There are 2 protein chains.
Amino acid sequence: MKTTRTLSYRKAKKSDLPQLIKMLADDQLGTTREDSSTPLNPAYISAFEKIDSDPNNKLIVVEINNTIIGMLQITYIPYLSHKGAWRCLIEAVRIHKDYRSQGFGSEVFKWAIQQAKNQKCHIVQLTSNKERSDALRFYKALGFSATHEGFKLVLNVEN
Amino acid sequence: MKTTRTLSYRKAKKSDLPQLIKMLADDQLGTTREDSSTPLNPAYISAFEKIDSDPNNKLIVVEINNTIIGMLQITYIPYLSHKGAWRCLIEAVRIHKDYRSQGFGSEVFKWAIQQAKNQKCHIVQLTSNKERSDALRFYKALGFSATHEGFKLVLNVEN
């Protein structure tokens, strides 16, 4: 019997951070670049406070029955171009490994796209590493077009 | 004799908007999506005010001897990933048509990358339409890697 599991969404709290960092680290690419040791690296707390205090950044946790099963960050950016349109940038989307391949990612994205519409954004955009072939198929299935190159330049700076 | 022309950078002012909108419209792709009629479409003024009041968004004009020759928008975004690193997103870069192919674009980007370093960003990122083949070569020459797909989803919303 298929049970219905309802996703709920809320802003992340500081007390969620250990779980969120573990989710970021538990990933094909994230494992080498995150620090999931305890006590929590204070750089994460500082970053959380910056995100949390910025009205154009929303760090969201996704839950089923009060258990965190995913996360994402939405950034709303005002631009002059396209007649002064807001854009919505979605990054840092993760679904907990125990909950993957069950359609939750798609549901989370549909929710995020609706948030962008509510905010009157003309475009939702995101970049996805070309090594993540599953993700590329996933975004295309959601209606995204890979019209752009996503360029990155890594800088050598100290935290 | 080659003369030295020094670029200067400042935050855009509301009175710059007519010139900036013309620059956005005078472009291979921008011509169909901007409204450079006068009086200025109020959507641009509203967008300018949102950008100007957001400490993480910088709309910059580039000048030579008080003449605007270019523009760009820098967005600083705090993230949890990469140990809580700031990222710098650069978009809406334009060089006035009378000043193209003279190396100014490269100089503007080097300045922007330095701003990102000053802000302790770990990554500078941007998306560039795959139709802009000159731009793609330009970003690669600056050291950017096209490691990511830049996905866009255009939404049908009313301004």
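Here, residues in each chain are numbered from 1, in the same order as that chain's written sequence. Throughout, the order in which chains and ligands are written sets their labels, letters from A for the former and numbers from 1 for the latter. In keeping with the model being predicted, local features are shown solely for residues with a pLDDT of at least 70 and side-chain atom pairs are shown and tallied solely at 80 or more, while totals for entire chains, interfaces and linings include all residues. Note that the side-chain values use all heavy atoms of the structure and ignore hydrogens as well as water.

Caption draft 1: Summary view of the overall build of chain A. A run of H or I in DSSP becomes a helix once it reaches four residues, and a run of E becomes a strand once it reaches two; helices and strands are each numbered from the N terminus. A tally of regular secondary structure across chain A gives five helices and six strands. If you list the helices and strands of chain A from N to C, you get β-α-α-β-β-α-β-α-β-α-β. Relative to the globule expectation of 15 Å for 159 residues, the C-alpha radius of gyration of chain A, 16 Å, shows essentially globular dimensions. Taken over the C-alpha atoms alone, chain A extends approximately 50 × 45 × 30 Å along its principal axes. The cut-offs for exposure are 20% and 50% of the maximum accessible area for each residue type, with area from a 1.4 Å probe on protein chains only; residues under the lower value are buried, those over the upper are exposed, and the others partly exposed. Burial analysis of chain A (159 residues in total) assigns 54% to the buried set. We call two residues in contact when some of their heavy atoms are within 4.5 Å. In chain A, of all internal contacts separated by at least 6 residues, the share reaching a separation of at least 24 is 58%. We get accessible surface area from the Shrake-Rupley algorithm with a probe of 1.4 Å; when it comes to residues, only the shown protein chains can shield them. Carbon together with sulfur atoms contributes 47% to the accessible area of chain A, which is approximately 7,700 Å² in total. Put simply, the radius of gyration uses C-alpha atoms, and a globule should come to 2.2 Å times the residue count raised to 0.38.

Caption draft 2: Region of interest: the packing of aromatic side chains. When two rings of Phe, Tyr or Trp (its six-membered ring) have centres within 6.5 Å they constitute a pair, described as stacked for plane angles under 30 degrees, edge-to-face for angles over 60, and tilted for the intermediate range. Under the definition given, this model contains 18 aromatic pairs over all chains. Taking 5.4 Å as the distance between ring centres and 50° as the angle between the ring planes, the aromatic pair formed by Y139 of chain A and F151 of chain B counts as tilted. Here Y139 of chain A, found in helix α5 (residues 133-141), pairs with F151 of chain B, found in strand β6 (residues 145-154), and the two come from separate chains. Each member of the pair Y139 of chain A and F151 of chain B is classed as buried. The rings of F109, F138, Y139 and F144 of chain A together with F151 of chain B are connected pair by pair, giving a single aromatic cluster. Whether a charge sits over a ring depends on NZ of Lys or CZ of Arg being within 6 Å of the ring centre and within 35 degrees of the ring normal. The side chain of R87 of chain A reaches across the aromatic face of Y79 of chain A, ending 4.4 Å from its centre.

Caption draft 3: Quick peek at the pattern of salt bridges. Salt bridge, as used here, is a side-chain nitrogen of Lys or Arg placed within 4 Å of a carboxyl oxygen of Asp or Glu. With the rule as written, the count across this model stands at 14 salt bridges over all chains. A salt bridge links E49 of chain B to K14 of chain B; its shortest N-O distance comes to 2.8 Å. With E49 of chain B in helix α2 (residues 42-52) and K14 of chain B in the loop between β1 (8-11) and α1 (17-25), this pair connects stretches of sequence that are 35 residues apart. For K130 of chain B, the salt bridge identified is with E149 of chain B, shortest N-O distance 2.7 Å. Of the two residues, K130 of chain B is situated in the loop between β5 (121-129) and α5 (133-141) and E149 of chain B in strand β6; the sequence distance between them amounts to 19 residues. Among the charged side chains, a salt-bridge network with shared partners connects R10, D16 and E63 of chain A.

Caption draft 4: Examining the relation of the copies chain B and chain A more closely. Only residues with pLDDT of at least 70 in both copies count here: their C-alpha atoms drive the least-squares fit that superposes the copies. Superposing chain B onto chain A requires a rotation of 180° together with a translation of 0.0 Å along the rotation axis, leaving an RMSD of 0.0 Å. When the rotation and shift are considered jointly, the pair of chain copies conforms to a two-fold rotation axis. Taking C-alpha positions as reference, the residue of chain B nearest the rotation axis is G150 of chain B, located at 2.2 Å.

Caption draft 5: The side chain of T75 of chain A, seen in detail. Position of T75 of chain A among the secondary structure elements: in strand β3 (residues 67-78). Within the structure, T75 of chain A has its side chain in polar contact with the side chain of N57 of chain A (distance 2.6 Å). Residues in contact with T75 of chain A, not counting those within four places in the same chain, are N56, N57, R87, C88 and L89 of chain A together with I77 and Y79 of chain B. Polar contacts, as counted here, are pairs of nitrogen or oxygen atoms within 3.5 Å of one another; within protein the pair requires one atom able to donate a hydrogen and one able to accept it, and residues that are adjacent in sequence qualify only if both atoms are side-chain atoms.

Caption draft 6: Examining the interface of chain B and chain A more closely. Contact residues are listed per partner, giving 66 residues for chain B and 66 residues for chain A. The term buried area denotes the loss of accessible surface (1.4 Å probe radius) that occurs when two parts are joined, taken as the sum for both partners. Counting the surface lost from both chain B and chain A, the interface buries some 6,400 Å², and carbon and sulfur atoms represent 61% of this. Counting the surface chain B buries against chain A, the share from its top three residues, L80, K83 and F151 of chain B, is 15%. E91 of chain B is paired through a salt bridge with R87 of chain A; the nearest N and O atoms lie 3.4 Å apart. Here the element with the most residues in the side of chain B that touches chain A is β6 of chain B; it accounts for 10 residues. Pairing of strand β6 (residues 145-154) of chain A with β5 of chain B involves seven bridges; the strand directions are antiparallel. Opposite G150 of chain A, over in β5 of chain B, you have T127 of chain B as the bridge partner. Pairing between two strands is assigned when DSSP locates at least 2 bridges connecting them.

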